[in-house]
Each structure stands twice: as C-alpha cells, then as structure tokens.
Amino acid sequence: MEILVTGGLGYIGSHVATLLIEAGMEVLIIDNLANTRIEVLDGIESITGKRPYFKEMDVCDSEGMAQLVAEHPNLKGVIHFAAHKSVNESIAQPIEYYENNLGGLNQLLKISTQQSIPFIFSSSCTVYGQAEKMPIREDDPLKKAISPYGNTKRIGEEIIQDCCKAFENFNAVLLRYFNPIGAHESAKIGEYPRGVPQNLVPFLTQTVIGKYSKLRVFGSDYPTKDGTCIRDYIHVMDLAQAHIASLNYLLNKQNSENCEVFNVGTGKGVSVLELIYLFEKATGEKVPYVLSNPREGDTIEAYADATKIKEKMGWQAKYSIEEALQSAWKWEVKLKG
Ligand code: UD1
C-alpha cells in the first residue's frame, strides 16, 4: 500500500515515515529540503532497515506531481506536511507563505479529490487563538489568526472542508497539533531547527548544550499558576502515531463524516517553568534561564481536550513529558557529536 508523505524529511514527517514503514506500508517521500537535510533519509533507513522512495521536489511543482502520481497509480493515502512554519518569517514574507502553504495544498488536493485518495492535513492549535476556556474542544470557536502562518492553517482547513463538500467520495482528517517536542528514542532522527530556534524545547536544549547563555522565559506575570504560559507538550512519537491512527481510520472507513477535525494533544497543561523543572529532573542537567518580557502574539494558555480522537480512533498519548524531554536531550547530544 503506497502512502505519499509530503515534507517527509521534516521534523514530524520523518517520524511518521518511520512508523508507516514499520506498519508495512510503502512510503513515498517528497521534500524540497528547504528546512531539513538529506541525512534524515539515512536516519529513517537506519531505524526501519528500509530506505523509502524519495524525490527532491516541491509540492507546488504541478508537472512533477502529475508525473509522480502517474508513476504510482496505487496511492492509498496522502499525508501532507510540506509547508513553511515560522511565525516571524511569515509576518515578514506573507506572499511566500500564502503561495507555498496554500499553493502546495491546492496542488495535492487536485490529485486527492480526483482520485478520492484519503487525505491527512497538519493543522495547528494556533487556529483557536486564545480560547475562552480550557481544555479546548474541536467545536470551540476559532479566532482570527495573528500571523500569515496561522492564517494558512485556518484557510487550509477551510479549503479542505470545501473540497469535502464538493467531492463526496473524498475523505479527510484535519489534525490540530498542540506542541510537539522530543525525538525518536534512537536519536537517529529529530528536529533540525534552521538558525536560532523559535520554539521552546530546541532553544532550551541548545542553551543547555552551550550554544546560548540563557533561555529567556517569555512573560512571568500572566494569570496562570506560576505566571508563565501554559501549553500542551506532546511527544513527537505520540503525534506520529496519531497519523497512523488517522490513516487506518480513513482506510477502514470508520469516519462518520468525510471531513473530521481532531485535536492531538495530551490534555495536560504545563507551564514554561514546570517544563524547565521537568527537563532538569529528567536529565539531571541545569537550565540557565532568566525571566523576560512577554513575546508578542503569544497565547497565555492552550491545552487540548483530546477525548474525540480517543473515542473515535482509540488514540491517546502514551509518553510522559519527562520521556519526551529526555529524548529531546539525547538528540541534542547526538547532534553535537
Ligand atoms: C508556536 C507558534 C505557533 C506554531 C508553533 C509551531 C507563536 C506565537 N506560536 O507555538 O503558531 O504553531 O509554534 O511549533 O510563535 N518560550 C519561552 N522562551 C523561548 C521560546 C518559547 O519562554 O525561547 C515560551 C513561549 O512564550 C510559550 C512556550 O514557551 O509560552 C512555547 O513556545 P513555542 O515552543 O514557541 O510554541 P508556541 O508559541 O505554543
């Protein structure tokens, strides 16, 4: 069974690819290597014992995509990760973000809707903005996006919903990720942030390894248990497993509607200071940090109600945050080596 994974050498895509191969699927990876390295393919091969099909290509390349599909007439699923993901960059380069993230999505939807290929989309909890109440449910109201990046997720969801209305045999699952962290337990694949990491855990591990002098905790006076922001940090392997569950859900026709949205989180809210403490406890390393000003555009609190995905797909997070942080640290140490 052939499954197309766009952006399959990226952070989440590469972890999903290993699980698909281990589940016996034929994985076709396309990636333009804009934000990753070709060595990730070696990591996937080393973990699974199998080198997946790989083509260096942009999803926006319509001729290349048409040729790929013509050469692989038995595609049974598309999992779409290939997209830009920096909030700050998207504010500076909105056209590039809309063109790439939505152009790539449209390109794939042309293929998937024509051939009724089940489709899984990487969305984000960013679509909720600052929700009125916690935990956040899928039917809670969405907020206007604060960045072009966030808007591409919101509009991307709407495009897929419109396609599901227009093509009744087309089935899609939209996964709203909370905060993925960590790496494969082998430390053979993980996250390769480009430049200075914007996200908390890669910045934290790079600080502990000595690349930066201190982690800045953005905001310490929020109306939360310790004044710092609350997030739902999920092990990337748990998140990857949610994609396998989603694919099986669609392939086994267990979906009740042809477009369904699921939160993918642990359901636990953890503050920035708690995360630092848990990292120190899990690894025995000291985190140098300083309390700093809030970061513009941050939501104060976001954690998932993840009961829908548990009830409908039987998926739930199984790794602890300590295990996720240990794996992130093991990966950072491996990268240094
Ligand atoms: C961010 C994006 C979100 C995107 C997600 C992708 C913003 C506002 N949101 O989510 O749209 O989907 O990344 O992974 O950029 N923190 C620090 N110090 C740091 C870095 C982060 O204190 O050096 C804090 C942040 O204030 C936040 C928490 O750590 O409270 C998590 O931050 P981050 O990892 O950047 O994720 P999000 O902001 O939740």
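To be clear, the structure that these remarks concern was listed above.
These numbers were taken from a predicted model, which means no experiment stands behind them.

Chemist: Is there a simple way to think about the pairing of strand β6 (residues 172-177) in this case?
Modeler: Side-chain positions along a regular strand alternate between the two faces of the sheet. By the criterion of burial, β6 is predominantly enclosed, with six of the six residues buried. Residues A172, L174 and R176 point to one face of β6 and V173, L175 and Y177 to the other, with burial holding for every one of them. Relative to β6, strand β5 (residues 119-124) is paired through six bridges, and the arrangement is parallel. Pairing of S122 across the sheet is with L175, part of β6. Crossover handedness for the path β5 to helix α6 (residues 148-166) to β6: right-handed. Bridging between β6 and strand β11 (residues 259-264) involves six bridges; their strand directions are parallel. Opposite V173, over in β11, you have E260 as the bridge partner.

Chemist: Any chance you could explain the site of the ligand here in plain terms?
Modeler: What surrounds the ligand is a group of 19 residues, the closest being L200, R216, R231, R295 and D298. With respect to the ligand, the backbone of F218 contributes an N or O atom lying 2.8 Å from an oxygen atom. The separation between an oxygen atom of the ligand and a polar side-chain atom of D298 is 2.6 Å. Burial of the ligand by the surrounding chains reaches 87%, relative to a free accessible area of 730 Å². Top element by residues in the shell around the ligand is strand β8 (residues 215-218). It accounts for four residues. When grouped by side-chain class, the residues that make up the shell around the ligand number nine nonpolar, six polar and four charged.

Chemist: Can you help me understand the packing of helix α1 (residues 11-22) against helix α2 (residues 39-48) in this one?
Modeler: Each pair of packed helices gets described by two things: the angle between the helix axes and the distance between those axes. Close contact between α1 and α2 brings their axes to 10 Å; oriented N to C, the two are set at 30 degrees. With respect to α2, the axis of α1 lies roughly parallel. As α1 packs across α2, the resulting crossing turns out to be right-handed. Along the contact surface, α1 presents S14, A17, T18, I21 and E22, while α2 presents V40, I44, I47 and T48. Classifying every residue of the contact of α1 with α2 by side-chain character gives five nonpolar, three polar and one charged.

Chemist: Quick question: what am I supposed to make of the layout of surface pockets here?
Modeler: A probe matching the size of a water molecule, rolled over the atoms, marks out where space remains unfilled. What the second largest pocket holds in volume is close to 270 Å³. In this structure, the second largest pocket is lined by 17 residues; those nearest its centre are A183, E185, H235, M237 and Y319. Put simply, the parts of the chain that give the lining of the second largest pocket at least two residues each are α1, α8 (236-251) and α11 (321-336). Broken down by element, the lining of the second largest pocket gets its largest block of residues, four residues, from α11. Class assignment of the residues belonging to the lining of the second largest pocket gives a composition of five nonpolar, six polar and six charged.

Chemist: Is there a simple way to explain the side chain of R231 in this structure?
Modeler: Mapped onto the elements of the fold, R231 is located in strand β9 (residues 230-231). Among the polar contacts made by the side chain of R231, one reaches the main-chain carbonyl oxygen of T299 at a distance of 2.9 Å. If we ignore the near neighbours within four places in the chain, the residues touching R231 are N179, K268, G269, V270, D298, T299, I300, E301 and A302.

Conventions adopted
- Residues numbered from 1 in each chain as written.
- Predicted model: local features only at pLDDT ≥ 70, side-chain atom pairs only at ≥ 80, totals over all residues.
- Heavy atoms only, no water.
- Buried < 20%, exposed > 50% of the residue type's maximum accessible area, 1.4 Å probe, protein only.
- Helix = DSSP H or I, 4+ residues; strand = E, 2+ residues; numbered from the N terminus.
- Pairing = 2+ DSSP bridges.
- Right-handed = clockwise from strand over helix to strand, strands pointing away.
- Near = heavy atom within 4 Å.
- Polar contact = N/O pair within 3.5 Å; in protein donor to acceptor, adjacent residues only side chain to side chain.
- Areas by Shrake-Rupley, 256 points an atom, 1.4 Å probe, with all protein chains shown as cover.
- Nonpolar A, V, L, I, M, F, W, Y, C, P; charged D, E, K, R; others polar.
- Axes fitted to C-alpha atoms, helices over the stretch in contact; angles between N-to-C directions.
- Parallel < 35°, antiparallel > 145°, perpendicular 65-115°, else oblique.
- Left-handed = near helix turned anticlockwise from the far one by under 90°.
- Contact = heavy atoms within 4.5 Å.
- 1 Å grid on protein atoms, 1.4 Å probe; cavity = no way out; pocket = protein on both sides within 12 Å on 5 of 7 lines; lining within 4 Å.
- Points joined across faces, edges and corners; volume = space filled by probe spheres on them.

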